[in-house]
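Here's the letter readout for the chains.
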Amino acid sequence: MRNFDENSITEAVLQRFADCPDPRVKEISGALVRHLHDFVREIQPTEEEWAYAIDFLTRAGQKCDDKRQEFILMSDVLGVSMLIDAINHPPMEAVTESTVFGPFHVNNPPKFELGDNLAGAMQGDPMYVEGTISSPGGARLAGAEVDIWHSDGIGNYDVQQLDKLGGFGGRGVMKTDAEGRFRFWTIRPVYYPVPTDGPVGELLRAQGRHPFRPAHLHFMLSAPGHERLVTHIFAEGDKYIDSDAVFGVKDSLIRTYVLKPAGTAPDGRKMDKPYYYVDYDFVLRPLAASRQASSARNRTDAASASISYIPK
Ligand code: BEZ
Ligand code: FE
């Protein structure tokens, strides 16, 4: 086979792996080549543009280390992370919706008791958060793991200012009580920019986009017999609620962060200044319902479960 032109080259490449022994590898490779060739034919890049693209991807790779993952960020701002989420966690009646995982989760976060304050040395307004975790039938899930992380009142995560804070803040893990309830104090998060000091920031600027995410609390919820849920509680009325840089907002995940006057908080604590309050009742998808997904989809889900990184 020789003398390929702008169109015949595609079939020639597809033929090269016609005998691929793994049907999934063959399917993915075929789709990649077809779509990539169509993309290149559509945009008709100059050689300078193609060299820029190679350099962009090279720099994205060079930006990555054990604390920074520029390719996940690229996937986030291009809407691919939320597309993967939509494919792997389609909506199910009465089950809480999932959203983007993001880069700021850390493995083995500090452990807390119910009602503790997770804020550490973080700055911002106090906030009380409570809620429940249940199965779709309404059965409360006792001993479920509640893993929380969020930004402070200025728009930084603890991992972006560990030296200043002297340790973690605005993150921790706790277990629900016998009635499937959780509760904790923390700092009210505010909107913040995704990291823009690398190639993804360059991409956002070139596309004329802002880098902000509306204020949110991250939750990762796990209970035996149920699919792990990665989600947020977004703040109603946030300036960026309709233009999240990573497309993670869903109506069902928005709640008002209510400003309460000084006085007695729901847990009996006497507050000498106003504080914010939010509650959310989460419902986890039973594993029996999640097994309807294909094994390939489950592979993707399992792979994403282990990705955690911390921007510098
Ligand atoms: C976050 O919510 O922490 C996040 C998500 C995607 C990209 C950057 C940050
Ligand atoms: Fe976040």
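Residues numbered from 1 in each chain as written. Chains lettered and ligands numbered in written order. Predicted model: local features only at pLDDT ≥ 70, side-chain atom pairs only at ≥ 80, totals over all residues. Heavy atoms only, no water.

### Concerning the nonpolar core
Our working rule: Nonpolar core, defined: a set of buried Ala, Val, Leu, Ile, Met, Phe, Trp, Tyr and Cys residues in which side-chain atoms within 4.5 Å join the residues together. Accessibility here uses a 1.4 Å probe with only protein chains present; expressed as a share of the type maximum, an area under 20% marks a residue as buried, one over 50% as exposed, and anything in between as partly exposed. Per the convention used, a helix needs a DSSP run of H or I reaching at least four residues, while a strand needs a run of E reaching at least two, with both numbered from the N terminus. Whether two residues touch is decided by their heavy atoms; if any such pair falls within 4.5 Å, the residues are in contact.
Core analysis: the largest hydrophobic core is formed by 29 residues, its most contacted members being Ile133, Phe219 and Phe282. Among the secondary structure elements, those contributing two or more residues to this core are strand E1 (126-134), strand E2 (145-150), strand E4 (181-187), strand E7 (216-222), strand E8 (229-235) and strand E13 (275-283). Non-local contacts of Phe282, meaning those with residues more than four positions away in its chain, are made with Thr96, Thr132, Ile133, Ser134, Phe182, Phe219, Leu221, Leu229, Thr231 and Ile233. Counting 13 residues, the second-largest nonpolar core is a separate cluster that includes Ala60, Leu73, Val77 and Val194.

### Considering the packing of aromatic side chains
Rules: Ring geometry is summarised as follows: Phe, Tyr and Trp rings, the Trp one being its six-membered ring, pair when their centres sit within 6.5 Å, and such pairs are stacked at plane angles under 30 degrees, edge-to-face over 60 and tilted between the two.
Taken as a whole, this structure holds 17 aromatic pairs when the rule is applied. Residues Phe104 and Tyr157 carry aromatic rings whose centres are separated by 4.1 Å and whose planes lie at 15° to one another, so their mutual orientation is stacked. Of this pair, Phe104 sits in the loop between helix H5 (80-88) and E1 while Tyr157 sits in the loop between E2 and helix H6 (162-165), and the two are 53 residues apart along the sequence. For Phe104, a relative accessible area of 2% translates into the label buried.

### Comments concerning the sheet that holds E2
Rule in force here: Only strands joined by at least two bridges in the DSSP assignment are considered to pair.
Overall, mixed pairing links the 5 strands, which are arranged E3-E2-E7-E8-E9 in an open sheet. What marks the edges here is a single partner per strand, and that holds for strand E3 (171-175) and strand E9 (254-255). In this structure, E2 lies alongside E3, joined through 5 bridges in antiparallel fashion. Bridge pairing in E3 links Glu145 to Lys175.

### A few points about a nonpolar patch on the surface
Selection rule: Residues enter a patch when their relative accessible area is above 30% and they make no salt bridge; the linking distance is 9 Å between like charges and 5 Å between nonpolar side chains (Val, Leu, Ile, Met, Phe, Trp, Tyr). For the accessible areas, the method is Shrake-Rupley and the probe is 1.4 Å, while residue cover comes only from the protein chains on display. For this document, the term salt bridge refers to a Lys or Arg side-chain nitrogen within 4 Å of an Asp or Glu carboxyl oxygen.
There is a patch of nonpolar side chains on the surface, built from Leu32, Leu36, Phe39 and Ile43 and spanning about 370 Å² of accessible area. In this fold, Phe39 is placed in helix H2 (residues 23-43).

### Concerning the side chain of His150
Considering the arrangement of structural elements, one finds His150 in strand E2. Excluding its chain neighbours within four sequence positions, the residues that come into contact with His150 are Met122, Tyr157, Gly170, Thr186, Ile187, Pro189, His216 and Leu217.

### What about the sheet that holds E13?
Keep this limit in mind: Under this scheme, a helix contributes an axis fitted over its contacting stretch, all axes are lines through C-alpha atoms, and angles between N-to-C directions fall in the 0 to 180 degree range.
One open sheet accounts for 4 strands, arranged E4-E1-E13-E10; its pairing is mixed. Only two strands of the sheet have a single partner each, and these edge strands are E4 and strand E10 (258-260). Neighbour-to-neighbour, the strand axes of this sheet turn through a mean angle of 25°, independent of strand direction. Here E1 pairs with E4 via 7 bridges, running antiparallel. Its bridge partner lying in E4, Val129 is registered against Phe184.

That is the geometry; function is a separate question.
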